[in-house]
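# Coordinate inspection notes
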Amino acid sequence: LTGVLDDCLCDIESIDDFNTFKIFPKIQKLQERDYFRYYKVNLKRPCPFWADDGHCSIKDCHVEPCPESKIPVGIKAGSSNKYSKAANNSKELEDCEQANKLGAVNSTLSNQSKEAFIDWARYDDSQDHFCELDDERSPDAQYVDLLLNPERYTGYKGPSAWRVWNSIYEENCFKPRSVYRPLNPLAPSRGGDDGESFYTWLEGLCLEKRVFYKLISGLHASINLHLCANYLLEETWGKPRWGPNVKEFTHRFDPIETKGEGPRRLKNLYFLYLIELRALSKVAPYFERSVVDLYTGNGHEDAESKALLLDIFRDTKSFHMHFDEKSMFAGDKKGAKSLKEEFRLHFKNISRIMDCVGCDKCRLWGKLQTQGLGTALKILFSEKEIQSLPENSPSKGFQLTRQEIVALVNAFGRLSTSIRELQNFKVLLQQTR
């Protein structure tokens, strides 16, 4: 996989080097910090589009949250009740941790974290443009420690997983009726349309609709890469061993096995990386203000987290081959506004489809990465508002909630990891030849 990407003046080798030597090590460190490791999510929202076809019963899909009575008041969504230390005695904590050990998604939190969440809530603002946010005040919303719940292959597949991706591609990507080939790259071809005529049609679309398809395809490729790189290789005596699965990677991305689709999917991953990279460079002024603090209650750690984030922003600004988002929605004002609104609603719908994912761990990471991309799009279309932010007072024109900030950083961290894993698979493939 080499050369210049379509729709931007950037080559794959430059992205590989930039990601490996500058971004990847720093974004890994940032994701480990308290502010970014806890994500609030509602994994119980019903699917709004079809009757639920049952949840994945595989152990690694499963979530066993603490019973409502065991969760200390301090971390309950909304934080409208005063924090009661009486509700936080050690017996309840032990019960809570025991309940968590039964499931693969671990939502155990330290007392210090619980205290911090009350303060974080004050910094949150519920406005969002491209995604449907979970209501953090819902009793079903819970904090999840992302480090204890890594994204990996859970065994979730079949009709339920197929239906989610099919709905995303077929009902939400832009496609005229004259194209018979399914947009879903995993679907068998029907009619006389082969892959090449499909891509000829895709190139004929306006830039915005082409970009939309590439973003979704890139997200799909990234998720598939994570599953291939963190695959359950064997389980002996109840001890699972996770690692890269070259056969699975080849099945999903090899040019011959995918009839030429694999490299296109990976190019779309790089394109998505560029879009989110551009968003990070654009949002830097929002975080550079002294009024913005990555608040956890631990002053020393907060200062270190902010310094590391600003260091990453400096790196993103130094990248010399950014995607130019000004080329999007640049036609006549009325047509551009209408297209932007259509783009936004299509993406919002995709964020709602994530509530139809039957595997809770897959749903968690699907929601987070979709919200991260939605936040990136919100940033790219808010440049004027970001540039006119006041230095010493909270912003009114442009605001990010903590949920959005956590999703933005972790979603980009996932893309950075995907591109790093791609380098590992290149080495593994050379070794097996």
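Residues numbered from 1 in each chain as written. Predicted model: local features only at pLDDT ≥ 70, side-chain atom pairs only at ≥ 80, totals over all residues. Heavy atoms only, no water.

Further remarks concern the packing of aromatic side chains. By convention here, two paired aromatic rings are described through the distance between centres and the angle between planes. Applying the stated criterion across every chain, the model contains ten aromatic pairs. With centroids separated by 4.3 Å and ring planes inclined at 5°, the aromatic side chains of Phe 249 and Phe 425 adopt a geometry described as stacked. A residue pair is termed long-range when its members are at least 10 positions apart, and Phe 249 in helix α8 (residues 246-253) and Phe 425 in helix α14 (residues 402-432) qualify at 176 residues. Each of the two residues, Phe 249 as well as Phe 425, counts as buried. For the ring pair Tyr 286 and Phe 287, a centre distance of 5.1 Å and an interplane angle of 80° mean the geometry is edge-to-face. The pair Tyr 286 / Phe 287 is uniform in exposure class, with both members buried. An aromatic cluster is built from Tyr 286, Phe 287, Phe 313 and Phe 398, whose rings are joined through pairwise contacts. Sitting above the plane of the Phe 271 ring, Lys 214 keeps its charged end 5.3 Å from the centroid. (Phe/Tyr/Trp six-rings, centres within 6.5 Å; stacked < 30°, edge-to-face > 60°. Helix = DSSP H or I, 4+ residues; strand = E, 2+ residues; numbered from the N terminus. Buried < 20%, exposed > 50% of the residue type's maximum accessible area, 1.4 Å probe, protein only. Lys NZ or Arg CZ within 6 Å of the ring centre and 35° of its normal.)

Now for the UniProt feature "active site" (unreviewed entry) in the chain. According to UniProt, the feature "active site" (unreviewed entry) maps to Cys 359 and Cys 362 in the numbering used here. Inspection of the secondary structure assignment puts Cys 359 in the loop between α11 (333-353) and α12 (360-380). What makes Cys 359 buried here is its relative accessible area of 0%. Topologically, Cys 362 is positioned in helix α12. (UniProt positions renumbered as here; feature names shortened; annotations may be inferred.)

We now examine the environment of Ala 229. You can see Ala 229 is positioned in helix α7 (residues 207-229). Put simply, Ala 229 and Glu 151 are 78 residues apart on the chain and 10.0 Å apart in space, counted from C-alpha to C-alpha.

The phi dihedral of Lys 259 is positive, around 55°, even though this residue is not glycine. Of note, Lys 259 is situated in the loop between α8 and α9 (261-288).

As a further point, take the environment of Leu 269. Tracing the chain through its elements places Leu 269 in helix α9. Leu 269 sits in the buried class, given a relative accessible area of 0%. Counting along the chain gives 48 residues from Leu 269 to Ala 221, while the straight-line C-alpha distance between them is 6.1 Å. Residue contacts for Leu 269: discarding those within four places in its chain leaves Gly 218, Ala 221, Ser 222, Leu 225, Leu 415, Ser 418 and Ile 419. (Contact = heavy atoms within 4.5 Å.)

Another aspect to go through is the pairing of strand β2 (residues 141-145). Every regular strand shows the same layout, with side chains that alternate between the two sheet faces. Within β2, five of the five residues are buried, which leaves it mostly tucked inside the rest of the structure. On β2, burial covers both faces: Ala 141, Tyr 143 and Asp 145 on one face and Gln 142 and Val 144 on the other are all buried. Sheet analysis places strand β1 (residues 38-42) next to β2, joined by five bridges and oriented antiparallel. Pairing of Asn 42 across the sheet is with Ala 141, part of β2. (Pairing = 2+ DSSP bridges.)

Next up on the list: the UniProt feature "binding site: FAD" (unreviewed entry) in the chain. Residues annotated in UniProt with the feature "binding site: FAD" (unreviewed entry) correspond here to Arg 152, Thr 154, Trp 165, Ser 217, His 220 and Arg 252. Its place among the elements puts Ser 217 in helix α7. In contact with Ser 217, other than residues within four places in its own chain, are Tyr 169, Arg 265 and Asn 268. Secondary-structure assignment places Arg 252 in helix α8. We classify Arg 252 as buried; its relative accessible area is 17%.

Now for the pairing of strand β4 (residues 239-243). In terms of strand pairing, strand β3 (residues 231-236) meets β4 through five bridges, oriented antiparallel. From the neighbouring strand, Tyr 231 faces β4, where its bridge partner is Gly 243. Linking β3 back to β4 in an antiparallel pair, the connection comprises two residues, with Trp 237 at a positive phi of about 55°.

Bringing helix α10 (residues 299-318) into the picture now. The end-to-end C-alpha distance of α10 is 29 Å, a good match for the 28 Å that 20 residues give at a rise of 1.5 Å each. For α10, the set of buried residues is Glu 301, Asp 302, Ser 305, Lys 306, Leu 308, Leu 309, Leu 310, Ile 312, Phe 313, Asp 315 and Thr 316. Considering only its buried residues, α10 is in contact with α1 (12-31), α2 (34-37), α9 and α14. (Expected span 1.5 Å × (residues − 1).)

The next subject is the pattern of salt bridges. As enumerated under the stated definition, the model contains 16 salt bridges in all. Across the pair Arg 252 and Glu 248 runs a salt bridge, and its minimum N-O distance is 2.9 Å. Here Arg 252 and its partner Glu 248 are both found in helix α8, four residues apart, which amounts to about one turn of the helix. By relative accessible area, which is 15% here, Glu 248 ends up buried. In this structure, Lys 367 and Asp 355 form a salt bridge, with 2.5 Å as the shortest nitrogen-oxygen distance. Highlighted residues: Lys 367 in helix α12 and Asp 355 in the loop between α11 and α12, separated in sequence by twelve residues. One continuous salt-bridge network, built from bridges that share partners, spans Lys 26, Asp 311, Arg 314 and Asp 315. (Salt bridge = Lys/Arg side-chain N within 4 Å of Asp/Glu carboxyl O.)

Within the element layout of this structure, Asn 224 appears in helix α7. Filtering out sequence-adjacent residues up to four positions away, Asn 224 remains in contact with Arg 252 and Phe 253.

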